[in-house]
There are 2 protein chains.
Amino acid sequence: MVLGPAEARHLSVLRLAPGAAVVVFDGRGGEARATVAELDDTRAVLHLGEATQGAQETPQPLTLAASLLKGDKLAEVVRAATELGVARIQLVVPRRADAREIGAQKLLRLARVAQEASKQSRRAVIPEVLAPVALDALAWEGTLLVAQPGSAVRVTDAVDWTRPVTVLTGPEGGLTAEEVAALVARGAQAVTLGPRILRAETAPVALLGAIAALGQ
Amino acid sequence: MVLGPAEARHLSVLRLAPGAAVVVFDGRGGEARATVAELDDTRAVLHLGEATQGAQETPQPLTLAASLLKGDKLAEVVRAATELGVARIQLVVPRRADAREIGAQKLLRLARVAQEASKQSRRAVIPEVLAPVALDALAWEGTLLVAQPGSAVRVTDAVDWTRPVTVLTGPEGGLTAEEVAALVARGAQAVTLGPRILRAETAPVALLGAIAALGQ
């Protein structure tokens, strides 16, 4: 397997030399051991070894449905969500949206952030970042969790890893009570994140952290 | 009660006018209803009403023991930890520390970040930010939680709100196995945060999120 200049530089930065053992992955769950055979500034030649099973993925796909946020806040959310195991980030536009659309360049940048974060946390999967849909057009399989002040249900009791899990987080002003009620009517599960007000960029990390703390 | 120019401007930014109902707090847990009586650019006069009980505080004090990090990463950690309910942030220096000390100006800046974040999340308590201690000099009351890859214990089973809770998070390179073993020997509880590698600034938010998701 021959890698190009960007990956070759990455191996040099890690101070790897010919003979070093590495793990390579294809971003779709495939993973294998490999040995560095040649390495210079322009390319790296690897000898592929046995295929391995990544232990970093959740038992069923985990999706973050994240409301659009202003400025660079989504990049931080995508980065942390990737570390915390999401397979997909679906952008959504709720009623009190902080932004109603996202440029093609910015969407591409979020995809690159997911790719970098995936590599850094040694995951075999690069999360997809999907262009925004209106909140009432959001579709999900399995469980949809949404944090709601006043809910007494714990994440521990709501997540069932025999089915896919989606986590929805709101804009700076929060989802409206009507939006949450409509989602619950469609089968969503409202869960608690404690009695304090969280910023829109903190809530997804906290909620995905609570899921990661279940151990998978 | 008379407030100075900074607080008066804050009330103006919120588009409050004389007659508006507000909640004031003293940063040490005291909280009361109040009414805006006069408001201009230089001061605000409030009429104090009844004392209220803030519902935002954990049943026992929650402390984040955070390893020193490079650059501006600690500010983001302090901000999110404040939203997630900590009463105190104790900076610590582990063996593989990303930084061994913090300047007085920087420590003061972290205290200001805690103050702002406390106000924004409408907490009645401003978390203290305490100057760093060596990890082996870290003292705690109640439960000390430390995330450890491979632990099978869940936060849900480790937190007991009849006692104070402290959460310890490591530097970019992680705590060493010896450091975790020494803490466990002193009574710390190792818990899981899932099988993936988290950045040093993501781990505290994820772990405090898991605690907040217990509902208090």
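Per chain, residue numbering runs from 1 following the sequence as it is written. For naming, the first written chain is A and the first written ligand is 1, with later ones following in the order written. Side-chain atom pairs in this predicted model are given and counted only at pLDDT of 80 or more, local residue features only at pLDDT of at least 70, and totals for whole chains, interfaces and linings cover all residues. Side-chain measures were taken over the full set of non-hydrogen atoms in the model, leaving aside hydrogen atoms and water.

1. A closer look at the overall build of chain A
- Helical segments are the DSSP runs of H or I of at least four residues, strand segments are the runs of E of at least two, and each set is numbered from the N terminus. Looking only at helices and strands, chain A has six helices and ten strands in total.
- The dimensions of chain A, computed from C-alpha atoms along their principal axes, are 60 × 35 × 30 Å.
- To sort residues, take the accessible area from a 1.4 Å probe on protein chains only and compare it with the maximum for the residue type: under 20% means buried, over 50% means exposed, and anything in between is partly exposed. Taking all 216 residues of chain A together, 50% fall into the buried category.
- For chain A, the share of sequence-separated contacts (at least 6 apart) that also reach a separation of at least 24 residues comes to 70%.
- On chain A, the mean spot of the 23 positive side-chain charges and the mean spot of the 23 negative ones are 4 Å from each other. By the convention used here, residues are in contact when the closest approach between their heavy atoms is within 4.5 Å. Charge assignment: positive for Lys and Arg, negative for Asp and Glu; neither His nor the chain ends contribute. A single reference atom marks each charge: NZ on Lys, CZ on Arg, CG on Asp, CD on Glu.

2. Thoughts on unusual backbone geometry
- Residues other than glycine seldom take positive phi values, yet Arg122 of chain A does so here, at roughly 55°.
- Mapped onto the elements, Arg122 of chain A comes out in the loop between helix 3 (104–120) and strand 7 (128–134).

3. Considering the pairing of strand 9 (residues 165–169) of chain A
Residues and elements named next belong to chain A.
- In terms of burial, strand 9 is a largely internal element, five of the five residues being buried.
- For two strands to be treated as a pair, DSSP must find at least two bridges joining them. With five bridges joining them, strand 5 (residues 62–67) and strand 9 adopt parallel strand pairing. The residue bridging Thr63 from the neighbouring strand is Thr166, located in strand 9.
- Sheet analysis places strand 8 (residues 143–147) next to strand 9, joined by four bridges and oriented parallel.

4. Observations concerning the sheet that holds strand 7 of chain A
Residue and element names in this part refer to chain A.
- Strand order in this open sheet of six strands is 7-6-5-9-8-10, and the pairing throughout is parallel. This sheet does not close on itself; its edge strands, each paired only once, are strand 7 and strand 10 (189–191). Adjacent strand axes in the sheet meet at a mean angle of 25°, parallel and antiparallel pairs treated alike.
- Both strand 8 and strand 10 contribute to a ladder of three bridges, which runs parallel. When the sheet's bridge partners are listed, Val146 is paired in strand 10 with Ala190.
- Under this scheme, a helix contributes an axis fitted over its contacting stretch, all axes are lines through C-alpha atoms, and angles between N-to-C directions fall in the 0 to 180 degree range. Its contacts with the sheet place helix 3 against strand 6 (88–93) and strand 7, and it is angled at close to 140° to strand 7.

5. Digging into the sheet that holds strand 9 (residues 165–169) of chain B
All names here are of chain B.
- Taken together, six strands build an open sheet; the order of strands is 7-6-5-9-8-10 and the sheet is parallel. The open sheet has two free edges, formed respectively by strand 7 (128–134) and strand 10 (189–191), since each of these has just one partner strand. The average angle at which neighbouring strand axes cross in this sheet is 25°, direction not considered.
- Here helix 3 (residues 104–120) sits on the sheet in contact with strand 6 (88–93) and strand 7, set at roughly 140° to strand 7.

6. What to know about the pattern of salt bridges
Residue and element names in this part refer to chain B.
- The working definition used for a salt bridge is a side-chain nitrogen of Lys or Arg within 4 Å of a carboxyl oxygen of Asp or Glu. Counting across every chain of the model gives 22 salt bridges over all chains.
- Two residues, Glu50 and Arg33, come together in a salt bridge whose shortest N-O distance is 3.2 Å. Of the two residues, Glu50 sits in strand 4 (residues 44–51) while Arg33 sits in strand 3 (residues 31–39), which places them 17 residues apart along the sequence.

7. Focus: the relation of the copies chain B and chain A
- Copies overlap after least-squares fitting; the atoms used are the C-alpha atoms of residues with pLDDT of at least 70 in both. Rotating chain B by 180° and moving it 0.0 Å along the rotation axis overlays it on chain A with an RMSD of 0.1 Å. Considering both components of the superposition, the chain copies are consistent with a two-fold axis. The position closest to the rotation axis in chain B is occupied by the C-alpha of Ala210 of chain B, lying 1.9 Å away.
- The residues that chain B uses at the interface reappear at the interface of chain A in 100% of cases, marking a shared surface.

8. Structural notes on the interface of chain B and chain A
- Each partner contributes to the interface: chain B provides 34 residues, whereas chain A provides 34 residues.
- Summed over both partners, buried area is the accessible surface (1.4 Å probe) that two parts give up on being assembled. Buried area between chain B and chain A, both sides added, is near 2800 Å², and the carbon and sulfur share of it is 56%.
- Considering only the side of chain B, the residues that lose the most area to chain A are Glu83, Arg196 and Arg199 of chain B, jointly responsible for 25% of the buried surface there.
- Across the contact surface, chain B and chain A share four salt bridges.
- Under the rule applied, a polar contact is a pair of N or O atoms within 3.5 Å (in protein, one hydrogen donor and one hydrogen acceptor; residues adjacent in sequence only if both atoms are side-chain atoms). Across the chain B-chain A interface, the total number found is 14 residue pairs in polar contact (both at pLDDT 80 or more).
- For the side of chain B that touches chain A, the secondary-structure elements that each account for two or more residues are helix 2 (73–83), helix 4 (155–158) and helix 6 (203–212) of chain B.
- No other element matches helix 6 of chain B, which puts five residues into the side of chain B that touches chain A.

9. A few points about the domain arrangement of chain A
- Per the domain assignment, the segments making up chain A are domain 1 (2–51) and domain 2 (62–212).
- The straight-line distance from the C-alpha centre of domain 1 of chain A to that of domain 2 of chain A is 33 Å. Throughout, the edges of the domains are those of an automatic or database domain assignment.

10. With respect to the side chain of Arg79 of chain B
- Along the chain, the position of Arg79 of chain B falls in helix 2.
- Among the residues examined, Arg79 of chain B registers a relative accessible area of 15% and is labelled buried.
- Here Arg79 of chain B is in contact with Arg199 of chain A together with Val113, Glu116 and Ala117 of chain B, once residues within four sequence places are set aside.

11. Digging into the packing of helix 2 (residues 73–83) of chain A against helix 3 of chain A
Residues and elements named next belong to chain A.
- Following both chains from N to C, one finds helix 2 and helix 3 inclined at 30°, their axes separated by 8 Å at the closest point. By crossing handedness, the relation of helix 2 to helix 3 is classed as right-handed. Each of Leu74, Ala75, Val78, Arg79 and Thr82 in helix 2 lies in contact with helix 3, whose residues at this interface are Arg109, Leu110, Val113, Ala114, Glu116, Ala117 and Ser118.
- Asp, Glu, Lys and Arg are counted as charged, while Ala, Val, Leu, Ile, Met, Phe, Trp, Tyr, Cys and Pro are counted as nonpolar; the rest, among them Gly, fall into the polar class. A breakdown of the residues in the contact of helix 2 with helix 3 according to their chemical character gives seven nonpolar, two polar and three charged. In this scheme, a crossing is called left-handed if the near helix is turned counterclockwise away from the far one by less than a right angle; it is called right-handed if the turn is clockwise.

12. Quick notes on the packing of helix 6 (residues 203–212) of chain A against helix 6 of chain B
- For the pair helix 6 of chain A and helix 6 of chain B, the least separation of the axes is 7 Å and the interaxial angle reads 70°. Taken together, the axes of helix 6 of chain A and helix 6 of chain B lie roughly perpendicular to each other. Mapping the contact onto sequence places Val205, Ala206, Gly209 and Ala210 of chain A in helix 6 of chain A and Val205, Ala206, Gly209 and Ala210 of chain B in helix 6 of chain B.
- Split into classes, the residues belonging to the contact of helix 6 of chain A with helix 6 of chain B amount to six nonpolar, two polar and no charged. An angle below 35 degrees is treated as roughly parallel, one above 145 as roughly antiparallel, one from 65 to 115 as roughly perpendicular, and anything else as oblique.

13. Details of helix 6 of chain B
- Across the ten residues of helix 6 of chain B, ten count as buried, placing the element largely inside the fold.
- For helix 6 of chain B, the complete set of buried residues consists of Ala203, Pro204, Val205, Ala206, Leu207, Leu208, Gly209, Ala210, Ile211 and Ala212 of chain B.

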